[in-house]
Amino acid sequence: MAGLGAPEAGSGPGPGPVPATRVELTVSCRQLLDKDTFSKSDPLCVLYTQRPGSKQWQEFGRTEVIDNSLNPDFLRKFVLDYFFEEKQNLRFDLYDVDSKSPDLSKHDFLGQAFCTLGEIVGSAGSRLEKPLTMGTVTTHGRGRRPAPALSNGGVPEKKCGTIILLAEELGNCRDVATLQFCANKLDKKDFFGKSDPFMVFYRSNEDGTFTICHKTEVVRNTLNPVWQAFAIPVRALCNGDYDRAIKVEVYDWDRDGSHDFIGEFTTSYRELARGQSQFNVYEVVNPRKKMKKKKYLNSGTVTLLSFAVESDHTFLDYIRGGTQINFTVAIDFTASNGNPSQSTSLHYLSPYQLNAYAMALKAVGEIIQDYDSDKMFPALGFGAKIPPDGRVSHEFPLNGDAANPACSGIEGVLEAYHRSLRSVQLYGPTNFAPVVNHVARSAAAVLDGSQYFVLLIITDGVISDMAQTKEAIVNAAKLPMSIIIVGVGQAEFDAMVELDGDAVRISSRGKVAERDIVQFVPFRDYVAGPGGAVLSMARLAKDVLAEIPDQFISYMKARGIKPQPGPPSPDPPGPPQP
């Protein structure tokens, strides 16, 4: 009887963590300042990063120095872990190197640029050009260098040239290998029957240890098993090093978890990639038996039956291919928020700090805007009496323009929100279905994978149209669309947890949602947390956006939509490097 599933949990170590998606940054500059009297500058680029919630810049790495060039194309790359759900701030400082000293204050500062990793990745072809500026600098002996904790975009004093940043996802992040094995004449380990064999795969680490990365199913009562084909990310199998050893152990499964060791062999990804051949027939050797018995040859053989590798399309493939993320905001204007003119209201506009609605909008919007080229965001309100006739609306434009509710940038959305607070009367009830259906209509018009829609609903309370909202979400799950709900205030949000289909997939009238497209978080979990408001907002954005790439991919895969090829990277402007 084949295919009992993987050995029970607890029978061995669990799979090790798979490395994160990694992005390689290539840096070029054009028309740098010339600081040398008798020759051109000798530029070096230094990358600084910030930890989430911190304004302190930490040096991440340096390129090589290129002699006598105002148009350098740096060879040394920066490789960064990429997280869609985080705002990953980057700062690039350029220096003219005048000596072998690693101390940057001993070299001439040529300019700097600020951006986020998302901004680079979200640009056409994942290629971003920015002007270099002198920024805010302090004088240090030989020249000027930037203040170490600077976190703004600098002061454009003088043209300092251009920096060109190109992001590329590392290839081994996306390859998925599919392998199938069989074995012959394995040792018999069971007294009353044949063995019940399974295999365990380990990738080797740089320190000589091994990390488990796959277990086959158990094939019952045979010495000649044929295991099912399995798919595994190449990075899980060898972490991108094709010659790194892969160890495979073969066991006889026992119900009590004390599996009998049959033997082992080693291979590598490069060997396996040869496919079915005489090179991929392995002797299974038990080292103890080999030491004890002179005539011992092996405990059977394992043969690779098939090998295939294909590129698993990632979120970044689609973004690079031109897919746009369309961001829509819907804000709760029901009376339960409290009178906006009183400081106890969730909508209170304090001159000193943002309210919960504005903070949640800014935290999420500032990350998503990097993936939307026109930076125009539809903004809706619900649950208010609106001018001129005082009718209750659950789908009104914050900018007052029903034909085009889009606002320019996150700041434009915040301005429209503030204006609406002064012109509408908070009322009720709390109905979500109209705004969900509003975005669903837009998403239904673009099913080719060129656009994906994200709706952010910020609300203070208990939903009034649960049945209609469930139906709207089940219908929206077929569309290129995700919904984020942030609950503000101290209300009970049990119903919101039900809409977030992490535990039980949402259903309506017996129809189950095709995908889980809703993510809910209560804002209060991020206000009193450690690290202050900035870190809390970074955590909020991380938690609400973490599921978007997987939801995005699940739609594309279900529809068989492949990413478009990215535009060819044009040659950087200016003369080539001498």
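About the criteria used
Residues numbered from 1 in each chain as written. Predicted model: local features only at pLDDT ≥ 70, side-chain atom pairs only at ≥ 80, totals over all residues. Heavy atoms only, no water. Core = buried A, V, L, I, M, F, W, Y, C linked by side-chain atoms within 4.5 Å. Buried < 20%, exposed > 50% of the residue type's maximum accessible area, 1.4 Å probe, protein only. Helix = DSSP H or I, 4+ residues; strand = E, 2+ residues; numbered from the N terminus. Pairing = 2+ DSSP bridges. Axes fitted to C-alpha atoms, helices over the stretch in contact; angles between N-to-C directions. pLDDT = per-residue confidence, 0-100. Contact = heavy atoms within 4.5 Å. Salt bridge = Lys/Arg side-chain N within 4 Å of Asp/Glu carboxyl O. Parallel < 35°, antiparallel > 145°, perpendicular 65-115°, else oblique. Left-handed = near helix turned anticlockwise from the far one by under 90°. Nonpolar A, V, L, I, M, F, W, Y, C, P; charged D, E, K, R; others polar. Expected span 1.5 Å × (residues − 1). Polar contact = N/O pair within 3.5 Å; in protein donor to acceptor, adjacent residues only side chain to side chain. Right-handed = clockwise from strand over helix to strand, strands pointing away.

Trainee: Explanation requested: the nonpolar core in the structure shown.
Mentor: Nonpolar side chains tend toward joint burial in soluble globular proteins. Core analysis: the largest hydrophobic core is formed by 95 residues, its most contacted members being Leu-25, Phe-92, Phe-327, Phe-333, Val-486 and Leu-545. In terms of residue count, the dominant contributor to this core is helix H6 (residues 356-368) (nine residues). Val-435, Val-439, Ile-483 and Phe-493 belong to the second-largest nonpolar core, a separate cluster that totals 33 residues.

Trainee: What is the right way to look at the sheet that holds strand S10 (residues 162-169) in this model?
Mentor: Strand pairs in the sheet, formed through backbone hydrogen bonds, run parallel or antiparallel to each other. Strand order in the open sheet formed by four strands is S4-S1-S10-S7, with antiparallel pairing between adjacent strands. In the strand order of this sheet, the two ends are held by strand S4 (78-81) and strand S7 (127-131), each with one partner. Ignoring strand direction, the axes of neighbouring strands in this sheet form an average angle of 25°. Looking at chain direction, strand S1 (residues 22-30) and S10 are connected through eight bridges and run antiparallel. Residue pairing in the sheet places Cys-29 in a bridge with Ile-163 of S10.

Trainee: How do you make sense of the confidence of the model for the protein chain when you look at a structure like this?
Mentor: Mean pLDDT for the protein chain: 86, with 88% of residues reaching 70 or above. Predicted confidence for residues 1-19 stays below pLDDT 50, and this span has 36 contacts to residues more than four positions away or in other chains. The low-confidence segment residues 572-578, where pLDDT is below 50, has 18 contacts with residues more than four positions distant or belonging to other chains.

Trainee: When you look at the pattern of salt bridges in this model, what are you seeing that I'm missing?
Mentor: It is possible for side chains bearing opposite charge to pair when their charged atoms get close. Following the criterion strictly, the structure yields 20 salt bridges and no others. Lys-470 serves as the salt-bridge partner of Glu-498, at 2.5 Å between the closest nitrogen and oxygen. Of this pair, Glu-498 sits in helix H10 (residues 494-499) while Lys-470 sits in helix H9 (residues 466-476), and the two are 28 residues apart along the sequence. Across the pair Glu-471 and Arg-509 runs a salt bridge, and its minimum N-O distance is 3.3 Å. With a gap of 38 residues between them, Glu-471 in helix H9 and Arg-509 in the loop between strand S28 (507-508) and strand S29 (511-512) connect regions that are remote in the sequence. Residue class for Glu-471 comes out partly exposed when judged on its relative accessible area of 29%. Classification of Arg-509 by relative accessible area gives exposed; the value is 76%.

Trainee: Could you clarify how one ought to interpret the sheet that holds strand S22 (residues 391-393) in this entry?
Mentor: Here three strands make up an open sheet; going across it, the order is S22-S21-S25 and the pairing antiparallel. Sheet topology places S22 and strand S25 (425-426) at the edges, where each strand pairs with a single neighbour.

Trainee: Help me out: how do you make sense of the packing of helix H8 (residues 433-444) against H9 in this one?
Mentor: Working note: a packed helix pair is described by the angle between its axes plus the distance between those axes. Two elements in contact, H8 and H9, have axes whose closest approach is 9 Å; the angle formed by their N-to-C orientations is 15°. Comparing the axis directions of H8 and H9 gives the class roughly parallel. Pair H8 / H9 crosses with left-handed handedness. Residue-level inspection shows Ala-433, Val-436 and Asn-437 of H8 in contact with H9, the latter providing Gln-468, Thr-469, Ala-472, Ile-473 and Ala-476. The residue inventory of the contact of H8 with H9, partitioned by class, reads five nonpolar, three polar and no charged.

Trainee: Hey, could you run me through H6 in this one?
Mentor: Working note: α-helix, 3.6 residues per turn, so residues spaced by three or four point in the same direction. The terminal C-alpha atoms of H6 lie 19 Å apart, and with 13 residues this matches the ideal 18 Å at 1.5 Å per residue to within 8%. With 10 of 13 residues buried, H6 is to be regarded as a mostly interior element. When H6 is considered as a whole, its buried residues turn out to be Ala-356, Tyr-357, Ala-358, Ala-360, Leu-361, Ala-363, Val-364, Gly-365, Ile-367 and Ile-368. Two or three places before Tyr-357, at the opening of H6, Asn-355 has a side-chain oxygen 3.1 Å from that residue's backbone nitrogen.

Trainee: Looking at this structure, how should I read the side chain of Lys-247?
Mentor: By secondary structure assignment, the location of Lys-247 is in strand S15 (residues 245-252). Here Lys-247 is in contact with Val-200, Phe-201, Tyr-202, Phe-210, Glu-264, Phe-265 and Thr-266, once residues within four sequence places are set aside.

Trainee: Any chance you could explain the pairing of strand S19 (residues 324-332) here in plain terms?
Mentor: Walk down a regular strand and you will see the side chains alternate between the two sheet faces. The element S19 is largely enclosed, with a buried count of eight among its nine residues. One ladder, built from eight bridges, connects S19 with strand S26 (residues 451-459); its direction is parallel. Considered in S26, the bridge of Val-329 is made with Leu-456. Pairing of S19 with strand S20 (residues 376-382), which is carried by four bridges, proceeds in the parallel orientation. Pairing of Ile-331 across the sheet is with Gly-381, part of S20. The parallel pair S19 and S20, bridged by H6, forms a crossover whose chirality is right-handed.

Trainee: I'm lost on the side chain of Arg-203 in this one. Help?
Mentor: By the element assignment, Arg-203 lies in strand S12 (residues 197-204). With a relative accessible area of 7%, Arg-203 lands in the buried category. In this structure the side chain of Arg-203 is engaged in a polar contact, spanning 2.9 Å, whose partner is the backbone oxygen of Ala-236.

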